[in-house]
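Inside the fold
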Amino acid sequence: MRGVKAEYSETIEGFDEANPRHLRRVSLSDTSIEMEVMIHRGRKSSLRPLLIINSVEFPIPPSTEFCEKMWAAGYQVIFCRRPGFGGVAGLPDVLLTKEHVKDGAAIATEAALFALLMETLELKDVILLGLGTSNSICYRLGQLSSNVSFTVFANPLTHPSIWDVIRPDWLKRMIRQTLLSKGGLKIAVRGLKAVLRRDTHWFYRQFAQKSAGDVAYVTKHKADFEDAGQALQWISPKTFYYDLQMSLIEDTEWDPNVTSQINAALLAGVETTEQFKTAIKNEAGRLGLPIVFAQSGDLFVPYASPDELLRLLNEHVGGT
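Predicted model only: the values in this text are computed from it and were never measured.

Rules of the game
Within each chain, residues carry numbers counting from 1 in the order of the written sequence. Where local features are concerned, this predicted model is filtered to residues with pLDDT of at least 70; where side-chain atom pairs are given and counted, the filter is 80 or more; whole-chain, interface and lining totals use all residues. Remark: hydrogens and water are excluded; side-chain values derive from all non-hydrogen atoms of the structure. For salt bridges, the criterion is a side-chain nitrogen of Lys or Arg within 4 Å of an Asp or Glu carboxyl oxygen. Segments assigned H or I by DSSP are reported as helices when at least four residues long, segments assigned E as strands when at least two residues long, and all are numbered from the N terminus. Using a 1.4 Å probe on the protein chains alone, a residue whose accessible area is under 20% of its type maximum counts as buried, one over 50% counts as exposed, and one in between counts as partly exposed. For two strands to be treated as a pair, DSSP must find no fewer than two bridges joining them. Axis definition: a line fitted to C-alpha atoms, limited for helices to the stretch in contact. Angles are taken between N-to-C directions and run from 0 to 180 degrees. Whether two residues touch is decided by their heavy atoms; if any such pair falls within 4.5 Å, the residues are in contact. One less than the residue count of a helix, multiplied by 1.5 Å, gives the span that helix is expected to have. Starting at the helix axis, one direction is taken to each C-beta atom, and the arc is that of these directions.

Pairing between side chains of opposite charge can happen when their charged atoms approach one another. Summed over the entire model, instances satisfying the criterion amount to 16 salt bridges. With its nearest N and O atoms 3.6 Å apart, the salt bridge here joins Arg 25 to Glu 34. Note that Asp 125 is salt-bridged to Arg 48, the shortest N-O span being 2.8 Å. Taken together, the positions of Asp 125 in the loop between helix H3 (105-121) and strand S5 (126-131) and Arg 48 in strand S3 (residues 48-53) put the pair 77 residues apart, joining distant regions of the chain. Overall, Arg 48 belongs to the buried group, its relative accessible area being 14%. It is possible to trace a salt-bridge network through shared partners that takes in Arg 82, Glu 110 and Asp 243.

This is the structure in structure tokens:
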């Protein structure tokens, strides 16, 4: 799914109608920085942009079925792959040190890149959708850019008890290993890549095991998850460390003084542990944000329950 290098234009040259989710490289305005972007149906429309930023485990666009459902409801899906999660460079290594992950320099830089991407693509009145580990970026991007009018935090990892709901246990141990030492980080990332090469579908079924909706989404879109596994072969240990350290350690308690100033809501699934449901409901109350619980899905809740996502948007944004 990695596209050829191309400057952005209103109609992307070489658009393949047989693959409306094709990723292309976009050069950010007045920089040499490139990001990988999918504009559903290949060109900007008059529909309201629904900008999706990937989480660590699924660095590819949602299904064509999801994108078409959003289109019919008045939203054009625009997916952007984060730096270092595919065929373009990650953040500079100097930003991915423990010091700059902890002091927020890395996440601030990444949020600034997405703000510049929206300027480059001339996106206005954006609905921003974060998933899992990408919610840390969306939390900052919603404050940074006036082009974001509403943010959906799907399955946010914003409370310290998140470790208690990571399944299976071997995956939890692997993630912990990445955060303990440089040696453990390299071993864990090599192990993850080996598992994905050996049996991508098995890995994602294990990863999604708490939720029947997630498992159904994985099963229905096997080719997408094969692409996701291939994309993750590109991820560097430093990028992997940054993403997990930021989302699971450094950024588990958001500031209600911030969330009270942005238009946003939380989306979570009921197909998870009771502990997580209680924790995320309490967190929504602390942050002063509305929350919608979908009946299907957990990790991939907006993709497994697109009707619930649209219900949330209709209730809190007012539709298009």
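Here we take up the sheet that holds strand S7 (residues 264-269). Ordered by their spatial adjacency, eight strands build an open sheet running S1-S2-S4-S3-S5-S6-S7-S8, and the pairing between neighbours is mixed. Whereas interior strands pair on both sides, the edge strands pair on one side only; in this sheet they are strand S1 (24-27) and strand S8 (291-294). Strand-to-strand twist across the sheet, computed as the mean angle between neighbouring axes with direction ignored, equals 30°. Note that S5 and strand S6 (residues 148-154) share six bridges and pair parallel. Residue pairing in the sheet places Ile 127 in a bridge with Phe 150 of S6. Across the face of the sheet, helix H4 (residues 135-144) comes into contact with S3, S5 and S6 while running at roughly 160° to S6.

It is worth spelling out helix H6 (residues 182-198) at this point. Given a rise of 1.5 Å per residue, 17 residues ought to cover 24 Å, and the 24 Å separating the end C-alpha atoms of H6 matches this to within 8%. Within H6, burial applies to Gly 184, Leu 185, Ala 188, Val 189, Leu 192, Lys 193, Val 195 and Leu 196. End-on, the buried residues of H6 take up no more than an arc of 160°, which puts them together on one face. The exposed residues of H6 that point more than 90 degrees off its buried face are Arg 190, Arg 197 and Arg 198.

Next up on the list: the environment of His 100. You can see His 100 is positioned in helix H2 (residues 98-102). On the accessibility criterion, His 100 (22% relative accessible area) is partly exposed. Note: C-alpha distance between His 100 and Tyr 242 (142 residues apart in sequence) is 9.3 Å. Residue contacts for His 100: discarding those within four places in its chain leaves Val 94, Leu 95, Ala 105 and Ala 106.

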